[in-house]
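# A look at the structure
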Amino acid sequence: MSIIGWLHENQTTMARTKKAKNKGEFSKNCHKSKKIHKNKGQFKSGHEGYVRSSVLEEWKEPIPVQRLTSNIFKRVAKVSPSGLLYAPDADGQPGPAKLLRPITGVETETSTRYLEETDSIDNEMRLINNRKNAEMWNNSLREHTERAQCDQPHFIIDREIKKGLCWKQSLKCTNCLYSSQLYKLYTEIMRDGPGAKAAACNVGLQVGLQDSPISNTKARMLIASTNTPPPALSAMQRLSNAVGTATNILNTDDMLTRKREICETNKLRGLSADAAINISMDVRYNSTTIASSSKMGQNASQAIGVAIENQTDLKQIIGFHMENKLCWVGSWFRNNGFEVQCPGHPECTANVNDEEPLSEKRIGESIGEDLAHDGLLIQFVTTDGDARGADGIRTAMKRKFPDCTVERQADTTHLGQSQFRQTIRANFDATMFPGQSAERRKEQQKILGSTYSLI
Ligand SMILES: [Zn+2]
Ligand SMILES: [Zn+2]
């Protein structure tokens, strides 16, 4: 039956029922009239109805519009080339989920979660200065006795102010109204000028991190693992920058002292102060392989060149240069729509264009200029198989000392390795090795190669 037909019949039935009701015969007709019983439109208890399943759609749970956190959003959503957000299914087609852009702001980190989940600060650990802690308790006890507020003092920690890893604390007595002043339970680094002095412990942590491969984030995790509230990451980063700058200056000064010592050693050996010395140098990249399997060019974004002196057995570092393509400041500017080019903008950390390859020759030249500037003349430069570093040193030395001769020497390790490889590849006469089979002769060829590499 069509909908229109059903409606028409239903209306007819209702009209008849109304008429019957008006006459006071409704209940009588319901029992006796066969015509009414045959009427399909009449309400019957528990009847599914005739049109519901075919006309009305099945009711579905509405899909809510969601705004996820950044981490979950990265897992769920994808951005189409046109910039639309969608949640793809297995075929890569947009799914039914409706996503808004993620919640911005700092994600809850391990340390923050740790702080939230800790039920009581009484169970936490603190890094405090022993002497200053004893002073706080003794002073508080003396003050409490002088004021004579109660006979049996019972002290607990009243207030706490966190300063990185360090703490300021005050005590109070639970049996009276006594409370002490705030005590700094750490030593400070003295300095001139206004502003709060840095806590020695926080600076010490940054100095230690400078000489370790972990970052502030990992350091916070380690501190949180000891049930100690970790310092705020932003404060650590600020201090890290200050310590980094100071370390840089300190290193430069220290290297200058070592270069002066070389001139001094020359004089003690009866030579002129600017007598030629020998150095070794090499460059290290932030990649295990110099070629990438997936893209053109070098597989590295940073290269560090180091030169050591061969004048003494101390082998001290006297030259250093780093080429860097990474710049977070520039990346941030570009991601926010500003047209900046690295290197060149303020506070840029890159010193090489992204398109340019990292160059050992350029690094050698920088180190050579630095050495020549401090009056050191180089005669022999020992490098690995790559001779461009020595070329750079020669170029720089020629500018300051036009008559000098800078020669490259191959280091024994790399030279031995290349001799071994060359011996393995060489085609010897069939009678050279006395082995019965080709395999045996190849073994003997390898032994010959390894003997050469040890010479
Ligand atoms: Zn008391
Ligand atoms: Zn930059």
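See the structure printed just above.
The text that follows walks through the structure, step by step, so that each part is easy to find. Predicted model only: the values in this text are computed from it and were never measured. (Residues numbered from 1 in each chain as written. Chains lettered and ligands numbered in written order. Predicted model: local features only at pLDDT ≥ 70, side-chain atom pairs only at ≥ 80, totals over all residues.)

A count of helices and strands for the protein chain gives 15 helices and 12 strands. Across the 455 residues of the protein chain, 17% fall into the buried class. Taking the contacts inside the protein chain whose residues are at least 6 apart along the sequence as the reference set, 57% of them involve residues at least 24 apart. (Helix = DSSP H or I, 4+ residues; strand = E, 2+ residues; numbered from the N terminus. Buried ≥ 20, exposed ≤ 12 C-beta atoms within 10 Å, placed from the backbone. Contact = placed C-beta atoms within 7 Å.)

Next up on the list: the sheet that holds strand β7 (residues 183–184). Strand pairing in a sheet takes place through backbone hydrogen bonds and is either antiparallel or parallel in direction. Across the sheet, which stays open at both edges, the 3 strands sit in the order β5-β6-β7 with antiparallel pairing between neighbours. Edge positions in the sheet fall to β5 (155–163) and β7, since each has one partner strand and no second. The sheet contacts of helix α7 (residues 130–147) involve β5, β6 (166–173) and β7, and relative to β6 the element is tilted by about 20 degrees. (Pairing = 2+ DSSP bridges. Axes fitted to C-alpha atoms, helices over the stretch in contact; angles between N-to-C directions.)

Ranked by size, the top nonpolar core spans 25 residues in total, and within it I279, I367, I378, V381, I393 and V406 carry the most contacts. For this core, the secondary structure elements donating two or more residues are β8 (277–285), β9 (302–309), α12 (360–373), β11 (378–383) and α13 (388–400). Core analysis: the second largest hydrophobic core is formed by 16 residues, L165, L171, A219 and V243 among them. (Core = buried A, V, L, I, M, F, W, Y, C linked by C-beta atoms within 7 Å.)

The terminal C-alpha atoms of α7 lie 26 Å apart, and with 18 residues this matches the ideal 26 Å at 1.5 Å per residue to within 8%. Among the residues of α7, those classed as buried are M136, S140 and H144. Along the axis of α7, the buried positions cluster into a sector of 55 degrees, meaning they face one direction only. Of the exposed residues in α7, those oriented more than 90 degrees away from the buried face are N130, R131, A134, N138, R142, T145 and E146. Where the residues of α7 are buried, they touch β5, β6 and β7. (Expected span 1.5 Å × (residues − 1). Arc of directions from axis to C-beta.)

In this section: the sheet that holds β9. Sheet architecture is open: 5 strands sit in the order β10-β9-β8-β11-β12, paired in mixed fashion. Each end of this open sheet is capped by a strand with a single partner; those strands are β10 (317–324) and β12 (407–410). On average, adjacent strands in this sheet sit at an angle of 25 degrees to one another, irrespective of strand direction. Strand direction decides the pairing type here: β11 and β12, joined by 4 bridges, are parallel. Bridged to T382 within β12 is Q409.

Moving on to the packing of α12 against α13. Each pair of packed helices gets described by two things: the angle between the helix axes and the distance between those axes. Contact pair α12 / α13: the axes reach a minimum separation of 6 Å and the direction vectors enclose 35 degrees. Here α12 runs over α13; the crossing is right-handed. Between α12 and α13, the contacting residues are E360, K361, R362, I363, G364, E365, I367, G368, E369 and A372 on the first element and R388, G389, A390, D391, G392, I393, T395, A396, M397 and K400 on the second. Class assignment of the residues belonging to the contact of α12 with α13 gives a composition of 7 nonpolar, 5 polar and 8 charged. (Left-handed = near helix turned anticlockwise from the far one by under 90°. Nonpolar A, V, L, I, M, F, W, Y, C, P; charged D, E, K, R; others polar.)

Here we take up unusual backbone geometry. Put simply, C342 and P343 share a cis peptide bond, and its omega is -10 degrees. Position of P343 relative to the elements: it lies in the loop between α11 (328–335) and α12. Of note in this structure, K315 is not a glycine but carries a positive phi near 50 degrees. Topologically, K315 is positioned in the loop between β9 and β10. Even without being glycine, E347 reaches a positive phi, approximately 60 degrees. In this structure, E347 sits in the loop between α11 and α12.

Packing of helix α8 (residues 200–210) against helix α10 (residues 233–268) leaves a shortest axis separation of 9 Å and a crossing angle of 60 degrees. One way to sum up the angle between α8 and α10 is to call them oblique. The element α8 and its partner α10 pack so that their crossing is right-handed. Contact residues: N202, V203, Q206, V207, L209 and Q210 in α8; L239, S240, V243, G244 and T247 in α10. (Parallel < 35°, antiparallel > 145°, perpendicular 65-115°, else oblique.)

Following the sequence through the fold, K184 ends up in strand β7. For the pair K184 and K163, spaced 21 residues apart in sequence, the C-alpha separation works out to 9.7 Å. Contacts of K184, omitting those with residues within four sequence positions, involve K132 and K168.

Burial along β9 is one-sided: the face carrying A303, G305, A307 and E309 is buried and the face carrying Q302, I304, V306 and I308 is not. For β8 and β9, the ladder comprises 7 bridges, and the chain directions are antiparallel. Counted as the bridge partner of V283 is G305 from β9. Bridge analysis of β9 against β10 gives 7 bridges, and the strand direction is antiparallel. Looking at the pairing, Q302 lines up with N324 of β10.

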